[in-house]
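# Structural features, examined
Residue strings, one per chain:
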Number of protein chains: 2
Amino acid sequence: MDGSQLLKGVLDLAVLAVLAERDGYGYDVVRRLREAGLEDVGDASVYGTLRRLYKAGALTSYVVASEEGPHRKYYGLNDVGRSLLQTSAKTWTSFAATMNDLLKEVDPG
Amino acid sequence: MDGSQLLKGVLDLAVLAVLAERDGYGYDVVRRLREAGLEDVGDASVYGTLRRLYKAGALTSYVVASEEGPHRKYYGLNDVGRSLLQTSAKTWTSFAATMNDLLKEVDPG
DNA sequence: GGCACTATTCTGCATTGCGTAGTACTGTGC
DNA sequence: GCACAGTACTACGCAATGCAGAATAGTGCC
């Protein structure tokens, strides 16, 4: 557990959170992330994140060969992913709280 | 205004916030950041951030030649820095809100 | 005076995550 | 067949963070 993830690895957390809601394939995750407010997220970043997460053993993956387009590669959380999500969420929350503290003294009213 | 800063540039904001409280030199900023809860922040990162911010015209800098050690290079916010802080703080806040929204559906209870 | 230690700054270099751009494949509509 | 949209993926680059180490300026000890 190193601090660099704290500062940069927010996308991982976002992807995990989105997948926790329900399984999704890359293109879909991108769309959901953008709808959630992360409008500037690049698709390649998401694919990369998905792959990293999968490689880290946090995701399951199954291909659905739709008849109306190319196959969709769905991803879903497994136990590792779920606990990673919990941990990361906690880390994020406390990090965000720290930042908000720092900012509180700045923003008067 | 690009999103990459959203995801990565948190340290900039933290440094700006700390400096808004009162001027400080690098070594001191590191200490204050750590005391504030950002324990894993590396000194080189802070020096780098300081330099980048200064180069971007957000900071003033003056050297205080202390008699009890090497000179201290103080940094402080100027108008550019203050408005950068405001902007970044707003961006951060809304980003954090988005993330919290995303996480709300995950963390039951 | 020299040595170790602390405070302080600064400079590589490596890692890594995010983004842009471009490729490839599959189905639909013309 | 061709253009277009949905979908996945790769290659490369940039920027930020971290680690390690050097340099500089004092203090204290011998």
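A brief look at the structure comes next. Because the structure is a prediction, the values reported are computed rather than measured.

## Examining the sheet that holds strand 1 (residues 24-25) of chain B
Residues and elements named next belong to chain B. Taken together, the 3 strands give an open sheet; going across it, the order is 1-3-2, and neighbouring strands pair in antiparallel fashion. Each edge of the open sheet carries a strand with a single partner, namely strand 1 and strand 2 (59-64). Pairing between strand 2 and strand 3 (residues 72-77): 6 bridges, direction antiparallel. Bridging from a neighbouring strand, Val63 pairs with Lys73 of strand 3.

## Quick look at helix 4 (residues 43-55) of chain A
Residue and element names in this part refer to chain A. Look at helix 4: 18 Å from first C-alpha to last across 13 residues, which is about the 18 Å you get at 1.5 Å a residue. Within the span of helix 4, buried status applies to Val46, Thr49, Leu50 and Leu53. Angularly, the buried residues of helix 4 cover 100° about the axis, an arc narrow enough to put them on a single face. Opposite the packed face of helix 4, turned more than 90 degrees from it, sit the exposed residues Ala44, Arg51 and Lys55. Count one or two residues on from helix 4 and you reach Gly57, which has phi positive near 85°.

## Describing the interface of chain A and chain B
How big an interface is tends to be stated in terms of accessible area lost as the parts join. At the interface, 29 residues of chain A touch 28 residues of chain B. For the pair chain A and chain B, the two sides together bury roughly 2,400 Å², of which 77% comes from carbon and sulfur. Looking only at chain A, the three residues that lose the most surface to chain B are Trp92, Leu102 and Leu103 of chain A, adding up to 22% of its buried area. Joining chain A to chain B, the criterion identifies 0 salt bridges. Taken together, the elements giving at least two residues each to the side of chain A that touches chain B come down to helix 1 (3-8), helix 2 (10-21) and helix 5 (79-104) of chain A. Looking at which element gives the most residues to the side of chain A that touches chain B, the answer is helix 5 of chain A, with 11 residues. Taken together, the residues of the side of chain A that touches chain B break down into 20 nonpolar, 5 polar and 4 charged.

About the cut-offs
Residues numbered from 1 in each chain as written. Chains lettered and ligands numbered in written order. Predicted model: local features only at pLDDT ≥ 70, side-chain atom pairs only at ≥ 80, totals over all residues. Heavy atoms only, no water. Pairing = 2+ DSSP bridges. Helix = DSSP H or I, 4+ residues; strand = E, 2+ residues; numbered from the N terminus. Expected span 1.5 Å × (residues − 1). Buried < 20%, exposed > 50% of the residue type's maximum accessible area, 1.4 Å probe, protein only. Arc of directions from axis to C-beta. Contact = heavy atoms within 4.5 Å. Buried area = accessible area lost by both parts, 1.4 Å probe. Salt bridge = Lys/Arg side-chain N within 4 Å of Asp/Glu carboxyl O. Nonpolar A, V, L, I, M, F, W, Y, C, P; charged D, E, K, R; others polar.

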